[in-house]
Amino acid sequence: MRRTALALALLALLAGGAVAADKAEKLDGKTLYKTMCKVCHGEDAEAGEYTPMYLIIEQWERFFDEDYAETHAEAAYEDGAKVIDAITPEMLKLIREFCIEGAADSEHPMTCG
Ligand code: HEC
């Protein structure tokens, strides 16, 4: 009996781990853009409306390489978390790829719907 309970607990633990891993894998640039960027850059946003197709590839590259850290140094989400702390390098890489993929001069200019 005990053994069964233990086995079940272990199984639940493993399943939980699998679900967490699944979620991490689903982190994609588009979802990240929506949750981490669009909150401040949606329609009529005070900070300016931005979707991938608002800039060309070169502008996005310059933004991520040179401007982001400085222009967002003080920006914070509603819960007080600083943007540059909340967005990990890995997340930023995915967001960058999403922006460049959908830039105005890319093959598939993209709004972020
Ligand atoms: C907490 C609000 C907030 C979040 C989240 C945010 N931004 Fe901004 N963003 C701003 C503000 C404020 C400015 C204006 C900065 C200025 O004028 O100096 C700005 C400016 C910009 C600009 C204009 C160029 C520049 O550097 O000034 C771009 C492009 C931009 N943000 C893209 C993004 C992207 C991409 C993300 C997600 C990785 C993001 N922002 C997340 C507030 C935010």
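Trainee: Is there a simple way to think about the packing of helix 3 (residues 57-71) against helix 5 (residues 89-101) in this case?
Mentor: A pair of packed helices is captured by two measures, namely the crossing angle of their axes and the spacing between those axes. Closest axis-to-axis distance for the helix 3/helix 5 pair is 9 Å, and the angle between their directions is 155 degrees. By the angle class used here, helix 3 and helix 5 are roughly antiparallel. Residues Ile57, Trp60, Glu61, Phe64, Asp65 and Tyr68 of helix 3 pack against Leu92, Ile95, Arg96, Cys99 and Ile100 of helix 5. Taken together, the residues of the contact of helix 3 with helix 5 sort by class into eight nonpolar, no polar and three charged.

Trainee: Can you help me understand unusual backbone geometry in this one?
Mentor: A negative phi holds for most residues other than glycine; trans holds for most peptide bonds. Positive phi, close to 60 degrees, is recorded for Asp44, a residue that is not glycine. Considering the arrangement of structural elements, one finds Asp44 in the loop between helix 2 (29-41) and helix 3.

Trainee: I tried to follow the state of the cysteines on my own but got confused; where do I start?
Mentor: Under the defined criterion, the tally for this structure stands at zero disulfides. Residue Cys99 stays outside any disulfide, its sulfur separated by 6.2 Å from that of Cys37, the closest cysteine. Relative accessible area serves as the criterion here: at 0%, Cys99 is assigned to the buried category.

Trainee: Could you clarify how one ought to interpret the packing of aromatic side chains in this entry?
Mentor: For any pair of aromatic rings, the description consists of the separation of the ring centres together with the inter-plane angle of the planes. Summed over the entire model, instances satisfying the criterion amount to five aromatic pairs. On the basis of an interplanar angle of 80 degrees and a centroid distance of 5.8 Å, the ring pair of Trp60 and Phe63 is categorised as edge-to-face. One end of the pair is Trp60 and the other is Phe63, both in helix 3 and three residues apart, which spans about a single turn. Considered together, Trp60 and Phe63 belong to a single accessibility category, that of buried residues. Ring centres of Phe63 and Tyr68 lie 5.9 Å apart, and the angle between their planes is 70 degrees; on these two criteria the pair is classed as edge-to-face. By the burial criterion, Phe63 is buried, and Tyr68 matches it. Connected via pairs of aromatic rings, a cluster forms that spans Trp60, Phe63, Phe64 and Tyr68.

Trainee: Teacher, can you tell me more about the site of the ligand here?
Mentor: Near the ligand you find 19 residues, and of these Cys37, Cys40, His41, Thr71 and His72 are the closest. Measuring from a nitrogen atom of the ligand, one finds a side-chain N or O atom of His41 at 2.8 Å. Between the ligand and His72, the relevant distance is 2.7 Å, taken from a nitrogen atom to a side-chain nitrogen or oxygen of the residue. Among the elements of the structure, helix 2 and helix 3 are those that each provide at least two residues to the shell around the ligand. The biggest single contributor to the shell around the ligand is helix 2, with five residues. Partitioning the shell around the ligand into residue classes produces 15 nonpolar, three polar and one charged.

Definitions and cut-offs
Within each chain, residue numbers correspond to sequence positions counted from 1 in written order. Local features in this predicted model are restricted to residues of pLDDT 70 or higher, and side-chain atom pairs are both shown and tallied only at a pLDDT of 80 or more, whereas totals for entire chains, interfaces and linings draw on every residue. Excluded from the side-chain calculations are hydrogens and water; all other atoms, namely the structure's heavy atoms, are used. To obtain each axis, a line is fitted to C-alpha atoms, and for helices this fit is confined to the stretch in contact; angles are then taken between N-to-C directions over 0 to 180 degrees. Helix numbers and strand numbers start at the N terminus; a helix is a DSSP run of H or I with at least 4 residues, a strand a run of E with at least 2. Our angle categories are set so that under 35 degrees counts as roughly parallel, over 145 as roughly antiparallel, 65 to 115 as roughly perpendicular, and the remainder as oblique. Residue contacts are counted whenever heavy atoms from the two residues lie within 4.5 Å of one another. Under this grouping Gly is polar, as are all residues other than the nonpolar Ala, Val, Leu, Ile, Met, Phe, Trp, Tyr, Cys and Pro and the charged Asp, Glu, Lys and Arg. Only a pair of cysteine sulfur atoms within 2.5 Å qualifies as a disulfide here. We call a residue buried when its accessible area falls under 20% of the maximum for its residue type, exposed when it is over 50%, and partly exposed in between, using a 1.4 Å probe and counting protein chains only. Stacked, tilted and edge-to-face pairs are distinguished by plane angle, under 30 degrees for stacked and over 60 for edge-to-face with tilted covering the rest, among Phe, Tyr and Trp rings (Trp via its six-membered ring) whose centres lie within 6.5 Å. Each residue is tested against the molecule or strand, and it is near if at least one of its non-hydrogen atoms lies within 4 Å. Contacts described as polar in this section are N or O atom pairs within 3.5 Å, which, within protein, must combine one atom able to donate a hydrogen with one able to accept it, while residues neighboring in sequence count only if both atoms come from side chains.

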